[in-house]
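# A look at the structure
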Amino acid sequence: MDAALKIWLLDQVNNCPWPCTLLLFLGALTFARFTFKTLVVFLQTFILPGTSLKKFGAKKGAWAVVTGASDGIGREFAIQLGSSGFNILLVARNSKMLNDVAAEIAAKTKSAVETRIYLIDFAQDDKSKYEGLKVLLQHLDVGVLVNNVGKSHTMPTYFAETEEQENADIVAINVNATIRVTHAVLPGMIQRKRGLILNLGSFAGLVPSPMLATYSGTKAFLATFTSALAEEVRSQGIVVQHLNTYFVVSKMSNIRRTSALVPTPASYVHACLSKIGFSGGAALTGRPGTLTAFWTHAVVDYAMHVIGWKSRFITYTHSLHKDIRKRALRKLEREAKKV
Ligand SMILES: NC(=O)c1ccc[n+]([C@@H]2O[C@H](COP(=O)([O-])OP(=O)(O)OC[C@H]3O[C@@H](n4cnc5c(N)ncnc54)[C@H](OP(=O)(O)O)[C@@H]3O)[C@@H](O)[C@H]2O)c1
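Cut-offs and rules
Residues numbered from 1 in each chain as written. Predicted model: local features only at pLDDT ≥ 70, side-chain atom pairs only at ≥ 80, totals over all residues. Heavy atoms only, no water. Helix = DSSP H or I, 4+ residues; strand = E, 2+ residues; numbered from the N terminus. Buried < 20%, exposed > 50% of the residue type's maximum accessible area, 1.4 Å probe, protein only. Contact = heavy atoms within 4.5 Å. UniProt positions renumbered as here; feature names shortened; annotations may be inferred. 1 Å grid on protein atoms, 1.4 Å probe; cavity = no way out; pocket = protein on both sides within 12 Å on 5 of 7 lines; lining within 4 Å. Points joined across faces, edges and corners; volume = space filled by probe spheres on them. Nonpolar A, V, L, I, M, F, W, Y, C, P; charged D, E, K, R; others polar. Near = heavy atom within 4 Å. Polar contact = N/O pair within 3.5 Å; in protein donor to acceptor, adjacent residues only side chain to side chain. Areas by Shrake-Rupley, 256 points an atom, 1.4 Å probe, with all protein chains shown as cover. Patch = residues over 30% accessible without salt bridge, like charges linked within 9 Å, V, L, I, M, F, W, Y side chains within 5 Å. Salt bridge = Lys/Arg side-chain N within 4 Å of Asp/Glu carboxyl O. Expected span 1.5 Å × (residues − 1). Arc of directions from axis to C-beta.

Right, let's get into the overall build of the protein. When its secondary structure is counted, the protein shows eleven helices and seven strands. Along the first, second and third principal axes, the C-alpha atoms of the protein reach 80 × 55 × 35 Å. The buried share of the protein, reckoned over its 339 residues, is 45%. Put simply, 73% of the contacts in the protein that link residues at least 6 apart link residues at least 24 apart.

So this is what it looks like as structure tokens:
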């Protein structure tokens, strides 16, 4: 530092101790806040175990309800919750795939837990199907609900060009199904004073995703819905969490190979179930109820909030989606030529 500048600065400190003390205090406070947040994210993500599933009725005859249980992340939730000692209600459209999941749970648990299947197409908003599900749920001791079912756009597309039906299906599946199934399950949980509700969210709800606007909006809805509901029922022994998810290998993500950032559904679900009650990478970011559980997703979430600058991430996502759309259209062209 220039000697004259140094003398000037010392002069300022000596002449106005109060403003300088205030600045030093604010600097120390910001540093302490940053250090504390980093420590909490680290401990929750890598060291501390979350709330035990026993608190929600594992091995005590309670049921776990999983929507979208025939494939991907939902299938894994069903299998791992079954292995933890919950009876499982499997909900989706494809009965053969659901029966396969039920058989796998029976094999893994030596038939120690019961499984049931409920077939429903959430895109249909079918009143009688919802009523049937509600009646069934009222007769079960539901300890855990995983609102996993979800639909994204067929490929990144500008909102103006998105089919109306696609938007309607995404809202029906991602928003209406979560609201209605939660509404059917919650009174029983309140009565029993215990329950865990997990809502499958996405980074697309955290960082607005151009060219996946409807999907992105529905996932943002889930984050806010979860925070509000979590606060309503916290004093009644019910935990409601929004699972902030980056990429996971699945049919929906269209990613088949794992990498540090893209776990298998098994690793992803294991991370979520072992961190219940925590926030992981979402700790101290003003998103109560959100859990970013898988370690690399937690690091990305943490980094995004330390760096800030959300608009840069939105611009990056936009150019990424333009590229994905180009490649998807080229693939469709190639396939059309083969026919
Ligand atoms: N994979 C990722 O990278 C990723 C990232 C962020 C968030 N997520 C979220 O994670 C959740 C699960 O995604 P996933 O990747 O595991 O998807 P997936 O492998 O495509 O599985 C989707 C599940 O939902 C069921 N389903 C789809 N449409 C349905 C409908 N209309 N009615 C009833 N069930 C329906 C499917 O079963 P049937 O076909 O038998 O009905 C299947 O069991 C979604 O909410 C998704 O938004 C995933």
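What follows covers the UniProt feature "active site" (unreviewed entry) in the protein. As recorded in UniProt, the feature "active site" (unreviewed entry) lies at Tyr215. On the basis of relative accessible area, Tyr215 is assigned to the buried category, the value being 9%. Excluding residues within four positions of it along the chain, Tyr215 makes contact with Lys151, Ser152, His153, Ile170, Asn174, Ser202, Ala204 and Met252.

This part is about the layout of surface pockets. There is about 210 Å³ of room inside the second largest pocket. Taken together, 13 residues make up the lining of the second largest pocket; nearest its centre are Ala230, Arg234, Val240, Pro288 and Gly289. Sorting the residues of the lining of the second largest pocket by element identifies α8 (213–233) and β6 (238–243) as the ones contributing at least two each. Here the lining of the second largest pocket is composed, by residue class, of six nonpolar, five polar and two charged.

Further remarks concern the UniProt feature "binding site: substrate" (unreviewed entry) in the protein. Feature annotation in UniProt places "binding site: substrate" (unreviewed entry) on Ser202, given in this structure's numbering. Note on placement: Ser202 falls in the loop between β5 (195–200) and α7 (203–206).

This part is about the site of the ligand. Contacts to the ligand come from 30 residues, most closely from Ser70, Arg93, Asn148, Tyr215 and Ser250. The backbone of Asn148 places a nitrogen or oxygen atom 2.8 Å from an oxygen atom of the ligand. Coverage of the ligand by the protein amounts to 93% of the 890 Å² it exposes when considered alone. For the shell around the ligand, the secondary-structure elements that each account for two or more residues are α3 (72–83) and α8. The residue inventory of the shell around the ligand, partitioned by class, reads 14 nonpolar, eleven polar and five charged.

Attention now goes to a nonpolar patch on the surface. Taken together, Leu39, Phe42, Leu43, Phe46, Ile47, Leu48, Trp295 and Val299 make up a surface patch of nonpolar side chains, about 730 Å² in accessible area. Those elements that provide at least two residues to the nonpolar patch are α2 (17–47) and α10 (295–307). Tracing the backbone shows Ile47 in helix α2. By relative accessible area, Ile47 is classed as exposed at 52%.

Taking 1.5 Å of rise per residue, the twelve residues of helix α5 (residues 127–138) would be expected to cover 16 Å, and the 16 Å separating its terminal C-alpha atoms lies within 8% of that figure. Taken together, the buried positions of α5 are Tyr130, Leu133, Leu136 and Leu137. Looking straight down α5, one finds that the buried residues subtend no more than 125 degrees of arc, so they occupy a single side. Relative to its buried face, α5 has exposed residues pointing more than 90 degrees away, namely Lys127, Ser128 and Gln138.

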